[in-house]
Amino acid sequence: MTAKKILMVLTSHDKLGDTGEKTGFWVEEFAAPYYAFKDAGIEVTLASPLGGQPPIDPKSELEDFQTPATARFDADVEVKELIGNTLVLSQLNADDFDAVFFPGGHGPLWDLTENNDAIELIERFLSSNKPVATVCHATAALLNVKDADGEYAIKGKAVSGFTNTEEDAVQLTDIVPFLLEDELIKRGGDYQKVEDWHAFAVQDGLLISGQNPASSELVAQKLVNLLGM
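Residues numbered from 1 in each chain as written. Predicted model: local features only at pLDDT ≥ 70, side-chain atom pairs only at ≥ 80, totals over all residues. Heavy atoms only, no water.

> What is the right way to look at the pairing of strand β8 (residues 201-204) in this model?
Within a regular strand, the side chains alternate between the two sheet faces. When β8 meets strand β9 (residues 207-210), the two strands line up antiparallel, connected through four bridges. Bridge assignment links Val202 to a residue of β9, and that residue is Ser209. (Pairing = 2+ DSSP bridges. Helix = DSSP H or I, 4+ residues; strand = E, 2+ residues; numbered from the N terminus.)

See below:
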């Protein structure tokens, strides 16, 4: 059997609004899915809008947010080299992969929501009957994706992502460009969630999405299952 191939798309955005603080991708939301895919024998390709080293959200490296997956990442020289040399998103073709996965962190709110390369890539995956998975803030990458009829792809679909109350808890409600929960609902998504900070992932057809960092492994497992691994 030919190995399945997953494209993981990371944010290139590193500024947390105009706070002067840094953001980027959340380590756990990359590490847990990455190892779930690798351990299932799936080939993983890493990309970002600008290519090269995507920014890491410094908060995600704090002790409180460490997990077995982040510890494995910290000790993994090979993956550090891969992540330092992500491919440029615009140069990639959905036809070369079996699925795409978007890790979160606050960065995607700024650079993946309206990124034409990301939107066209997701639309191509969906029109080719290939799964698209997101976790936490990265579900923002689905907001402007449309189907063949020109409707929002998430309309009527079960979706999840970082909740308004979780955003409030991290005191970034007034900093982020929009509240993800609100925008998913505005576009007709059947927005679903559980208690703040609890693991939750939902699948509706080809779309798989998770609520928060704790949900990243659940999303990855649903994607692995969907690929028949």
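From this point, the narrative continues.
> Honestly, the packing of aromatic side chains in this entry has me stumped. Any pointers?
For any two aromatic rings, the description comes down to two numbers: the centre-to-centre distance and the angle of the planes. Throughout the structure, instances matching the rule amount to seven aromatic pairs. Look at Phe30 and Tyr34: their rings are 5.2 Å apart centre to centre, the planes differ by 25 degrees, and that puts the pair in the stacked class. On the criterion of helical spacing, the pair formed by Phe30 and Tyr34 is a turn pair, its members being four residues apart in helix α1 (residues 27-39). Since its relative accessible area comes to 4%, Tyr34 is described here as buried. Seen from their ring centres, Phe30 and Phe73 are 5.9 Å apart, and the 75 degrees between their planes marks the pair as edge-to-face. One end of the pair, Phe30, is in helix α1; the other, Phe73, is in helix α2 (residues 68-74), with 43 residues separating them in the sequence. Each member of the pair, Phe30 as well as Phe73, carries the same accessibility label: buried. Counting every residue linked through ring pairs, the aromatic cluster contains Phe25, Phe30, Tyr34, Tyr35 and Phe73. Across the ring face of Tyr152, the terminal group of Lys146 is positioned such that the distance to the ring centre comes to 5.2 Å. The ring of Tyr152 is capped by Arg187, whose NZ or CZ atom sits 5.3 Å from the centre of that ring. (Phe/Tyr/Trp six-rings, centres within 6.5 Å; stacked < 30°, edge-to-face > 60°. Buried < 20%, exposed > 50% of the residue type's maximum accessible area, 1.4 Å probe, protein only. Lys NZ or Arg CZ within 6 Å of the ring centre and 35° of its normal.)

> For this particular structure, what's the right way to read the sheet that holds strand β4 (residues 99-102)?
Strand pairing in a sheet relies on backbone hydrogen bonds. The paired strands run either parallel or antiparallel. Strands sit in the order β3-β2-β1-β4-β5-β9-β8 across an open sheet of seven strands; the sheet is mixed. Only two strands of the sheet have a single partner each, and these edge strands are β3 (87-88) and β8. Across three bridges, strand β1 (residues 5-9) lies against β4 in parallel orientation. Across the sheet, residue Met8 finds its bridge partner in β4, namely Phe101.

> Would you explain the nonpolar core in this entry?
Here is a general trend for soluble globular proteins: nonpolar side chains tend to be buried in one another's company. Core analysis: the largest hydrophobic core is formed by 35 residues, its most contacted members being Leu7, Val9, Val100, Phe102, Leu121 and Val132. If you list the elements that add at least two residues to this core, you get β1, β4, α5 (116-127) and α7 (180-186). Broken down by element, the residue count for this core peaks at five residues, all from α5. Sequence-distant contacts of Val132, that is, excluding residues within four places in its chain, are made with Val100, Phe102, Ile122, Phe125, Leu126, Leu142, Leu206, Leu207 and Ile208. Listed in part, the 32 residues of the second largest apolar core include Ile42, Val79, Ala133 and Leu223. (Core = buried A, V, L, I, M, F, W, Y, C linked by side-chain atoms within 4.5 Å. Contact = heavy atoms within 4.5 Å.)

> Where do I start with the pattern of salt bridges in this structure?
It is possible for side chains of opposite charge to pair when their charged atoms get near one another. This model, assessed by the stated rule, comprises ten salt bridges. In this structure, Asp14 engages Lys22 in a salt bridge whose closest nitrogen and oxygen atoms are separated by 3.4 Å. Residue classification places Lys22 among the partly exposed residues on the basis of a relative accessible area of 45%. For Lys155, the salt bridge goes to Glu151, with nearest N and O atoms at 3.3 Å. A residue is classified by how much of its surface remains accessible, and Glu151, at 35% relative accessible area, is partly exposed. Linked through salt bridges whose partners overlap, the residues forming this network are Asp14, Lys15 and Lys22. (Salt bridge = Lys/Arg side-chain N within 4 Å of Asp/Glu carboxyl O.)

> For this particular structure, what's the right way to read the packing of α1 against helix α8 (residues 216-226)?
The description of two packed helices rests on the angle between their axes and on the distance between the axes. Where α1 meets α8, the closest approach of the two axes is 8 Å, and the angle between their N-to-C directions is 30 degrees. Here α1 is positioned roughly parallel relative to α8, judged by the angle of their axes. Handedness of the crossing formed by α1 with α8: right-handed. Residues Glu28, Glu29, Ala32, Pro33, Ala36 and Phe37 of α1 pack against Ser216, Glu217, Ala220, Gln221, Leu223 and Val224 of α8. Within the contact of α1 with α8, the residues separate by chemical class into seven nonpolar, two polar and three charged. (Axes fitted to C-alpha atoms, helices over the stretch in contact; angles between N-to-C directions. Parallel < 35°, antiparallel > 145°, perpendicular 65-115°, else oblique. Left-handed = near helix turned anticlockwise from the far one by under 90°. Nonpolar A, V, L, I, M, F, W, Y, C, P; charged D, E, K, R; others polar.)

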